[in-house]
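Coordinates in review
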Amino acid sequence: MNVDIGNALASVASPGVSRASLERLDEQVAAAHERIERGMANADHGYEALNLPERTDPDEIRAAVEPVADADTLITVGIGGSSLGAATIVDALESDTETVFLDNVDPEWVSGRLDGLALENAAINVVSRSGTTAETLANFLVVREAFEDAGVDWTERTIVTTGESGPLRDLADRHDLPSLKVPDGVPGRFSALSAVGMVAAAVCGHDLEALLAGAAAERETLSGSLFDCPAYAYGATTYALDGRGAGVNAMMPYAESLETSAEWFAQLWAESLGKDDLGQTPVRALGVTDQHSQLQLYRAGPRDKLVTFVTADADADRSIPTTDVEELAYLGDATLGELLEAEFEATEASLAAAGRPNVRVELEAVDEYELGGFLYGMEAACVLAGELYGVNTFEQPAVEWAKKATRGLLGGGEFEEAKAVAEKTELRVER
Ligand SMILES: O=P(O)(O)OC[C@H]1O[C@](O)(CO)[C@@H](O)[C@@H]1O
């Protein structure tokens with residue numbers, strides 16, 4: 001991936017960061033890079049994620065999925081990093097395999113996605129590092145029952161990706177299911193380039209080697225200077241802008257195929273950096289659509305936002321038919337791709353003209369190689385930002401309170417958190 005941080009400079013935007021400030025910040029980037037390289041060399045927790053291009057074994061993944069490689073429908077059951085990486089990859093790429101991701105427990109939604117499926121040639125990709133995540137286990141039990149009700153042997157159609165121990169590992173062992181291990185030292189939100197994110201890609205027939213090659217190429221750009229490394233340029237610029245008031249980062253890909261990547265980015269950024277009252281708020285946006293939705297706020301609302309544009313050269317294009325409507329005649333000389341490109345450039349310039357910081361992340365295409373580079377690049381940017389913030393990038397303790405409350409509310413044990421739920425302060429206004 002390439003980045004262009006020109007529209008984040010103080011000469012363009014407010015908040016903005018001066019070139020001199022970036023050069024001073026580059027000294028911290030160099031020190032951070034040394035810590036990152038050391039962490040990678042020692043396979044330290046979290047930093048190990050940046051070793052995935054050489055750690056992940058595509059042959060092992062293909063061998064594990066072989067029993068279900070013929071599936072015409074793949075149901076992935078997971079949540080957070082155990083779903084979003086896989087969804088980002090398969091939603092971005094074309095495949096004949098229908099993919100369903102169950103990462104919520106909304107009963108109408110789950111039934112709506114599950115009950116219409118022909119399960120005879122479907123496969124279940126259940127993913128959970130802990131093997132205890134309530135939503136994933138609940139949905140897996142529901143999907144398993146649907147297979148049983150359809151008379152399909154789920155043990156012949158299920159692949160498990162989980163940690164070394166836990167209920168899912170026990171289930172895989174008990175039923176001799178094909179299983180893969182969530183790599184040690186890799187937090188879920190950083191695991192897209194491991195079996196966690198690549199089993200679905202394998203079943204969909206995508207080029208695993210190209211995904212990893214793109215990631216490896218991005219790995220090679222990691223250096224001691226933000227001016228030589230797109231990932232560090234992005235991570236350092238977002239950190240500097242946050243420090244100057246841009247506490248919101250709207251991730252706005254100009255490609256429908258990359259819409260899910262904004263959701264993946266949101267977990268990566270929020271769960272890694274949201275600690276000690278610090279962190280930049282990721283917002284999921286989509287170009288061109290949100291030009292008619294959120295752009296008003298981005299251009300004329302509080303000066304507390306950075307917009308991250310992601311662009312990619314599209315494979316296919318489509319002509320806009322000519323029209324005799326005079327005021328629309330200009331459209332008939334263009335294609336949809338030209339219109340999208342013009343709208344992106346116009347929106348980017350519109351924010352710059354209003355002094356609103358924005359950064360461009362450029363992919364050459366939406367293919368496995370570029371996607372691997374983008375996933376790796378954003379992960380490396382996040383690791384660098386975490387070093388600059390001085391937070392514990394790789395843990396997420398704040399998510400545990402609600403899990404305990406949930407278990408308590410459902411009779412899964414005695415938890416103070418569940419008692420706190422009952423003590424909610426109310427001020428109800430009813431119709
Ligand atoms: O893979 P698991 O253990 O099911 O966790 C799923 C997700 O839940 C979290 O642990 C947060 O609760 C994320 O960090 C993780 O990606």
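- Looking at an unreviewed UniProt entry, one finds the chain named Probable glucose-6-phosphate isomerase, with Natrinema pellirubrum as its source organism.
- The heading Subcellular location (unreviewed entry) in the UniProt record of the chain holds the text "Cytoplasm".
- Among the UniProt annotations of the chain, the heading Function (unreviewed entry) holds the following wording: "Catalyzes the reversible isomerization of glucose-6-phosphate to fructose-6-phosphate."

1. Remarks on the site of the ligand
- Close to the ligand lie 14 residues, the nearest being Gly80, Gly81, Ser128, Thr133 and Gly188.
- Tallied by class, residues from the shell around the ligand come to 2 nonpolar, 9 polar and 3 charged.

2. Overview of the environment of Ala215
- Note on placement: Ala215 falls in helix α9 (residues 208-219).
- Exposure remark for Ala215: the 27 C-beta atoms within 10 Å place this residue in the buried category.
- Sequence separation of Ala215 and Leu193 is 22 residues, and the distance between their C-alpha atoms is 8.1 Å.
- Ignoring sequence-local partners within four residues, the contact set of Ala215 consists of Leu52, Pro53, Leu193, Gly372, Gly373, Leu375 and Tyr376.

3. Some points on the sheet that holds strand β10 (residues 358-363)
- Ordered by their spatial adjacency, 5 strands build an open sheet running β1-β10-β9-β7-β8, and the pairing between neighbours is mixed. The sheet is open, and its two edges are formed by β1 (2-4) and β8 (281-284), each paired on a single side. Sheet twist, expressed as the mean angle between neighbouring strand axes with direction ignored, is 20 degrees.
- Two strands pair when backbone bridges link them, and strand β7 (residues 248-253) and strand β9 (residues 305-312) are joined in this way by 6 bridges, in the parallel orientation.

4. Examining the packing of helix α11 (residues 259-273) against helix α15 (residues 368-389)
- Packing of α11 against α15 leaves a shortest axis separation of 10 Å and a crossing angle of 20 degrees. It follows from the interaxial angle that α11 and α15 lie roughly parallel. α11 and α15 meet at a crossing whose hand is right-handed. Here α11 contributes Phe265, Leu268, Trp269, Ser272 and Leu273 to the contact with α15, which in turn contributes Met378, Glu379, Cys382, Ala385, Gly386 and Tyr389.

5. What to know about the UniProt feature "active site" (unreviewed entry) in the chain
- The sites that carry the UniProt feature "active site" (unreviewed entry) are, in the present numbering, Glu271, His292 and Lys403. The largest pairwise C-alpha distance within this set of annotated residues, which runs over 133 residues, is 37.0 Å, so the set is dispersed in three dimensions.
- On the secondary structure map, Glu271 appears in helix α11.
- Its 24 C-beta neighbours within 10 Å are what place Glu271 among the buried residues.

6. Things to note about the packing of helix α4 (residues 84-92) against helix α8 (residues 195-203)
- For the pair α4 and α8, the least separation of the axes is 7 Å and the interaxial angle reads 35 degrees. Our pair here, α4 against α8, has a crossing hand that is right-handed. Across the interface between the two elements, Gly85, Ala86, Ile89 and Val90 of α4 pack against Val196, Gly197, Val199, Ala200 and Ala201 of α8.
- The residue inventory of the contact of α4 with α8, partitioned by class, reads 7 nonpolar, 2 polar and no charged.

7. Quick notes on α15
- With 22 residues, α15 extends 31 Å from end C-alpha to end C-alpha; this agrees with the ideal 32 Å at 1.5 Å per step.
- Burial within α15 is extensive, with 22 of its 22 residues counted as buried.
- Remark: Gly390 follows α15 within two positions and exhibits a positive phi of approximately 75 degrees.

Cut-offs and rules
- Residues numbered from 1 in each chain as written.
- Predicted model: local features only at pLDDT ≥ 70, side-chain atom pairs only at ≥ 80, totals over all residues.
- UniProt positions renumbered as here; feature names shortened; annotations may be inferred.
- Near = placed C-beta within 6 Å.
- Nonpolar A, V, L, I, M, F, W, Y, C, P; charged D, E, K, R; others polar.
- Helix = DSSP H or I, 4+ residues; strand = E, 2+ residues; numbered from the N terminus.
- Buried ≥ 20, exposed ≤ 12 C-beta atoms within 10 Å, placed from the backbone.
- Contact = placed C-beta atoms within 7 Å.
- Pairing = 2+ DSSP bridges.
- Axes fitted to C-alpha atoms, helices over the stretch in contact; angles between N-to-C directions.
- Parallel < 35°, antiparallel > 145°, perpendicular 65-115°, else oblique.
- Left-handed = near helix turned anticlockwise from the far one by under 90°.
- Expected span 1.5 Å × (residues − 1).

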